Amino acid sequence: MNITSSAFMLAGRPTEKLLGSLALGPKSGGDILRQQALREYAYTVSALGDGWEALVEAFKRGDSILNPHNTEYFGAGGSGIVQQPLPWKPVHGVWDIVENAWKMANYRTIVGLPTRSLGAVDEFFKMLRYRAVVQAEAAAKANAMGLVGDDLRGHVSREMEKAIDPATGRALNAGALQEAQVSTFQQELLQGTAGATIQQVRSRHPVLTFVLPFVKTPINVLRYGWKMTPGLNLVQKEFREAIFGSKGPEAKAQAIGQMALGSTFMGLAAALALDGKITGAGPSDPNLRRELAATGWQPYAYVLEADDGSKRYVPIGRLDPAGMAFSMVANLVEIMRNDPHGDHGTAERGIGALGLALAKNFTDRTFLLNLHQALQALSDPGARGERYLGSIAGNTIPLSSAIRGLNPDPYLREARSFIDTMMKNLPGYSETLAPSRDAFGDPVWKRIGMSTTSEADIVEAEHTRIILETGGGIGRPDPKFEGVDLRDIALKSGRQAYDRFQELAGHPPGAKSLKTALAELIRSDTYQDLPDGEAGVKGTRLNAIGRIVGKYREAGKKALIRENPELRDLLKARQREARSAYLKSKEERTQKSPGAKALRNALRPRH
């Protein structure tokens, strides 16, 4: 999110100013703001070299150059490591590179490398925006004074020199620094807001860093996305003050530009969503969302369809704050499409759909994932809590993200215990875990990179359509069989019983695969004549699919027991235990309760 969002803001902020200036008359400074906005584009490009130098220096220092000790990525957030200056030696040869690498090869530096890199990239964009604003303002003033040519360029150069401390490199122009911080979402949170309260609580309780690694950045992103949502932005006090002119003409121009850009984005998103070009949040059932993800589908993504029917999903959530407008409209269209008639009036249904779309839009943001997982772990401290702690422990492994990407294991893996969750991405260890499998018994491929591809598979395509259009679908088989959790049983072959059962249910020995059988069904004229509907209603497409899946899974259970006699003995033992418990309970109830004959005698009227 850091690079794409900052890049968007780098172009978006002058665009907002330009659009807003068109609505302001010359008396309100519209002409000057328009000239300034246009110059900001040019000065941004000319500052690329300075931005790169700032990136390198910030990386080595472990702190911001323009505004030291005020960038969240260089603090203790994220990795929990406070960044220290690197013992960097000027490079004059190969041995200098080796020496620098050796000095930096310690736990603190390696663990803090991702956030140090984020901070350095943040400084790059901050420097570009700072220099562009300072020089554009200076050029606008020089133009007002009638300066041209070398005189104008000299004035701009002198103003730029005044704006940076020659000894430390710190920013001296408060207004331009504030603009640079807004462009990278590093401005201070407003006092009295919920965001500022959360930030204070986390600073008092450092352990919350694991749950909320960053606070200032994501909250500023959310607030900016709010400003770009027409109608809802008027609820925000900061935006109202800006658009009604309380904060000056430049802030008013920015607010008008935010309204204009937000309206444009939402209109475009509506057209794309109605045409099926962008996806919404998907079903609320986590099992069905997992089935969609197994095909390559992604929530909040732009869909590129190839000639062969395959689809590539490019996530738009990383384009926040603009991505928030796209995803909210995609949610709204998805909700209205899945419930075209509704149970209430049009207005009431529209308001309800808008509220649900907003809720999904905020809860599905990637930067709130840690908080969501922590709350889930608290609601189920057993299984979920253990996996959550294992995930945190796995993230403390140096270069864990790089290791995950370089792991040659092609499949996603199931992890239930603390150790398995922590180590599931490590090369060599991951292959010892059972692979994740989809509803059809096939292992789920690991997908690396921002975009994902969904192959042209008729069964997966139809299942995806059913899930998205009806909210129903086929999930993975129940791991419990005759009171026994197959995930807890290791067969003599060393494989997990549930993994083998899923494989047999999708690929029975000596028979066509489940996908092949379903493909034949879906291609048939009979299936094409069936309507959509719930799985429990006979005569619907999902019911027809479910019947075949059920037969294959029953056959898979029988094949699993035939293959593994030890499993049959275990199941029989469990059945005997259940039978004994039933008889014991029945006997105790009979002894405590009066017999039927005695009960009738007691109830017979007496004369």
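Residues numbered from 1 in each chain as written. Predicted model: local features only at pLDDT ≥ 70, side-chain atom pairs only at ≥ 80, totals over all residues. Heavy atoms only, no water.

Glancing now at the overall build of the protein. The secondary structure content of the protein amounts to 26 helices and five strands. For the protein, the share of sequence-separated contacts (at least 6 apart) that also reach a separation of at least 24 residues comes to 66%. In the form shown here, the protein has an accessible surface area of approximately 31,800 Å², with 59% of it arising from carbon and sulfur atoms. (Helix = DSSP H or I, 4+ residues; strand = E, 2+ residues; numbered from the N terminus. Contact = heavy atoms within 4.5 Å. Areas by Shrake-Rupley, 256 points an atom, 1.4 Å probe, with all protein chains shown as cover.)

Let's shift gears to the pattern of salt bridges. According to the stated counting rule, one finds 35 salt bridges in the structure shown. Salt-bridge contacts for arginine 223 lead to glutamate 238; the nearest nitrogen and oxygen are separated by 3.0 Å. In this pair, arginine 223 sits in helix 10 (residues 216-227) while glutamate 238 sits in helix 11 (residues 237-243), placing the two residues 15 residues apart along the sequence. Arginine 495 is the salt-bridge partner of aspartate 499, the closest N and O atoms lying 2.8 Å from each other. Residue aspartate 499 is classed as buried on the basis of its relative accessible area, which comes to 5%. For arginine 495, a relative accessible area of 29% puts it in the partly exposed group. Ionic contacts of the salt-bridge type, sharing partners, join the residues Arg13, Glu16, Lys17, Glu40, Arg129, Glu179 and Glu250 into one network. (Salt bridge = Lys/Arg side-chain N within 4 Å of Asp/Glu carboxyl O. Buried < 20%, exposed > 50% of the residue type's maximum accessible area, 1.4 Å probe, protein only.)

Inspection of the secondary structure assignment puts lysine 227 in helix 10. A polar atom in the side chain of lysine 227 sits 3.3 Å from the side chain of glutamate 238. What lysine 227 contacts, discounting residues up to four positions off in sequence, is Asn233, Gln236, Glu238, Phe239 and Gln258. (Polar contact = N/O pair within 3.5 Å; in protein donor to acceptor, adjacent residues only side chain to side chain.)

This brings us to the sheet that holds strand 3 (residues 452-454). Pairing is antiparallel across the open sheet formed by three strands, whose spatial order is 1-2-3. Of all the strands in the sheet, the pair left with one neighbour each is strand 1 (301-305) and strand 3. Taking the axes of each pair of neighbouring strands and ignoring which way they run, one obtains an average angle of 25° across the sheet. As paired strands, strand 2 (residues 311-315) and strand 3 are joined by three bridges and run antiparallel to one another. Across the sheet, the residue bridging to tyrosine 313 is threonine 452, located in strand 3. (Pairing = 2+ DSSP bridges. Axes fitted to C-alpha atoms, helices over the stretch in contact; angles between N-to-C directions.)

Below, the discussion takes up the environment of lysine 141. For lysine 141, the position within the fold is in helix 6 (residues 113-144). By relative accessible area, which is 55% here, lysine 141 ends up exposed. Spatially, the C-alpha atom of lysine 141 lies 9.2 Å from that of valine 156, the residues being 15 residues apart in sequence.

A grouping of Glu305, Asp307, Asp308 and Glu455 is seen on the molecular surface, where their side chains present a negatively charged patch. Among the secondary structure elements, glutamate 455 is positioned in the loop between strand 3 and helix 20 (458-470). (Patch = residues over 30% accessible without salt bridge, like charges linked within 9 Å, V, L, I, M, F, W, Y side chains within 5 Å. Lys, Arg positive; Asp, Glu negative; His and termini not counted. Charge placed at Lys NZ, Arg CZ, Asp CG, Glu CD.)

By size, the foremost hydrophobic cluster in this structure holds 24 residues, and its most contacted members are Phe8, Tyr224, Met228, Phe265, Ile278 and Phe326. For this core, the secondary-structure elements that each account for two or more residues are helix 1 (2-23), helix 10, helix 12 (249-274) and helix 14 (322-338). In terms of residue count, helix 14 provides more of this core than any other element does, seven residues in total. Val459, Tyr527, Ala544 and Tyr552 belong to the second-largest nonpolar core, a separate cluster that totals 17 residues. (Core = buried A, V, L, I, M, F, W, Y, C linked by side-chain atoms within 4.5 Å.)

Given a rise of 1.5 Å per residue, 14 residues ought to cover 20 Å, and the 20 Å separating the end C-alpha atoms of helix 3 (residues 48-61) matches this to within 8%. Those residues of helix 3 not exposed but buried are Gly51, Ala54, Leu55 and Ala58. The arc enclosing the buried residues of helix 3, seen along the axis, measures out at 105°, which places them on a common side. Turned more than 90 degrees off the buried face of helix 3, the exposed positions are Trp52 and Glu53. Buried-residue contacts for helix 3 involve helix 6. (Expected span 1.5 Å × (residues − 1). Arc of directions from axis to C-beta.)

This part is about the pairing of strand 1. In terms of strand pairing, strand 1 meets strand 2 through five bridges, oriented antiparallel. Bridging from a neighbouring strand, valine 303 pairs with tyrosine 313 of strand 2. Connecting strand 1 to the antiparallel partner strand 2 that follows it, the hairpin turn spans five residues, and glycine 309 within it adopts a positive phi of roughly 95°.

The next thing to look at is the packing of helix 6 against helix 7 (residues 149-162). Between helix 6 and helix 7, the shortest axis-to-axis distance is 9 Å and the interhelical angle comes to 135°. If you check the angle between helix 6 and helix 7, you find them oblique. Our pair here, helix 6 against helix 7, has a crossing hand that is right-handed. Of the residues in helix 7, those in contact with Tyr130, Arg131, Val134, Gln135, Ala138, Ala139, Ala142 and Asn143 of helix 6 are Leu152, His155, Val156, Glu159 and Met160. (Parallel < 35°, antiparallel > 145°, perpendicular 65-115°, else oblique. Left-handed = near helix turned anticlockwise from the far one by under 90°.)

With that settled, the discussion passes to the packing of helix 21 (residues 497-506) against helix 24 (residues 541-563). The N-to-C vectors of helix 21 and helix 24 enclose an angle of 130°; their axes lie 8 Å apart at closest approach. Looking at the two axes, helix 21 sits oblique to helix 24. For the crossing formed where helix 21 meets helix 24, the hand is right-handed. Judged by residue contacts, Ala497, Arg500, Phe501, Leu504 and Ala505 of helix 21 engage Tyr552, Arg553, Gly556, Lys557, Ala559, Leu560 and Glu563 from helix 24.

Moving on to the packing of aromatic side chains. Summed over the entire model, instances satisfying the criterion amount to six aromatic pairs. With centroids separated by 5.2 Å and ring planes inclined at 80°, the aromatic side chains of phenylalanine 124 and phenylalanine 125 adopt a geometry described as edge-to-face. Look at phenylalanine 124 and you get buried, because its relative accessible area is 16%. A ring pair is formed by phenylalanine 185 and tyrosine 224, whose centres lie 6.3 Å apart and whose planes are at 80°; its orientation type is edge-to-face. Taken as a pair, phenylalanine 185 in the loop between helix 8 (174-183) and helix 9 (194-204) and tyrosine 224 in helix 10 lie far apart in primary sequence, 39 residues in all. As far as the burial class goes, phenylalanine 185 and tyrosine 224 line up, both buried. (Phe/Tyr/Trp six-rings, centres within 6.5 Å; stacked < 30°, edge-to-face > 60°.)

Glancing now at empty space enclosed by the protein. Within this structure, the stated rule accounts for three cavities of 30 Å³ or more. In this model, the largest cavity occupies a volume close to 60 Å³. Considering the residues around the largest cavity, the lining is formed by Glu291, Leu292, Ala294, Thr295, Asp438, Phe440, Glu460, His463, Thr464 and Ile467. Tallying contributions element by element places helix 20 first for the lining of the largest cavity, with four residues. Considered class by class, the residues forming the lining of the largest cavity number four nonpolar, three polar and three charged. Size it by volume and the second largest cavity reaches roughly 40 Å³. Every residue along the wall of the second largest cavity is listed here: Asp438, Ala439, Phe440, Gly441, Pro477, Gln502, Ala505, Gly506, Leu514 and Arg553. For the lining of the second largest cavity, the element with the most residues is helix 21, which contributes three residues. (1 Å grid on protein atoms, 1.4 Å probe; cavity = no way out; pocket = protein on both sides within 12 Å on 5 of 7 lines; lining within 4 Å. Points joined across faces, edges and corners; volume = space filled by probe spheres on them. Nonpolar A, V, L, I, M, F, W, Y, C, P; charged D, E, K, R; others polar.)

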